[in-house]
Amino acid sequence: MAQIKLYGLSAQLAPIRKQLSDVVHGCVVDALGLPVDKRFHRFIALEAEDFIYPAGRSERYLILEISMFEGRSVEAKKQLIRLLFERVRAELGIEPEDLEITITETPRHNWGIRGMPGDELGLNYKISV
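Residues numbered from 1 in each chain as written. Predicted model: local features only at pLDDT ≥ 70, side-chain atom pairs only at ≥ 80, totals over all residues. Heavy atoms only, no water.

Which parts of the structure should I look at to understand the packing of helix α2 (residues 17-32) against helix α3 (residues 74-92)?
In a pair of packed helices, the angle between the axes and the distance between the axes together describe the arrangement. Where α2 contacts α3, the axes come no closer than 9 Å and their chain directions differ by 150°. Here α2 lies roughly antiparallel to α3, going by the angle between them. As α2 runs across α3, the sense of the crossing is right-handed. Listed contacts from α3 to Gln19, Leu20, Val23, Val24, Gly26, Cys27, Val28, Asp30, Ala31 and Leu32 of α2 are Ala76, Gln79, Leu80, Leu83, Leu84, Arg87, Val88, Glu91 and Leu92. (Axes fitted to C-alpha atoms, helices over the stretch in contact; angles between N-to-C directions. Helix = DSSP H or I, 4+ residues; strand = E, 2+ residues; numbered from the N terminus. Parallel < 35°, antiparallel > 145°, perpendicular 65-115°, else oblique. Left-handed = near helix turned anticlockwise from the far one by under 90°. Contact = heavy atoms within 4.5 Å.)

Written as structure tokens, this is what we have:
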């Protein structure tokens, strides 16, 4: 399980939402082995006055937050980060300086999914990648 939030300026995020979702999802599938049908993305499109970012970033600046079950290897998480930087640049033209990524892992028992605690949920994929 991975829940993904993407923050950016509304004018920049809206035109690329579908393509960005496809790129991010492909990276998660390839790096973490999530099933293709497990896509949970939320886009938070902000007006300029609500999105303050440091000098050296352009209007294309994005923040990508990934919340997922704990258990992936450090290498799998690094691979995900590398793929995101590589593919977002190649497919959307967004430079690495304009993308910040955070991964937050939580124990499965801290999730509630389909009416039950996450650690009681049967998964059709492995978490330990």
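Moving on, there is more to tell.
Where do I start with the packing of aromatic side chains in this structure?
Note on aromatic pairs: each is described by the distance of the centres and the angle between the planes. Summed over the entire model, instances satisfying the criterion amount to 3 aromatic pairs. Measuring from centroid to centroid gives 5.6 Å for Phe51 and Tyr53, while their planes differ by 55°, and the two rings are tilted. Residue classification places Phe51 among the buried positions, given a relative accessible area of 7%. The exposure class of Tyr53 is partly exposed, given its relative accessible area of 25%. Through a chain of ring-to-ring contacts, three or more aromatic side chains come together here, namely Phe51, Tyr53 and Tyr61. Sitting over the ring of Phe43, Arg17 keeps its end group 5.9 Å from the ring centre. Taking NZ or CZ as reference, Arg108 lies 5.3 Å from the ring centre of Phe69, over its face. (Phe/Tyr/Trp six-rings, centres within 6.5 Å; stacked < 30°, edge-to-face > 60°. Buried < 20%, exposed > 50% of the residue type's maximum accessible area, 1.4 Å probe, protein only. Lys NZ or Arg CZ within 6 Å of the ring centre and 35° of its normal.)

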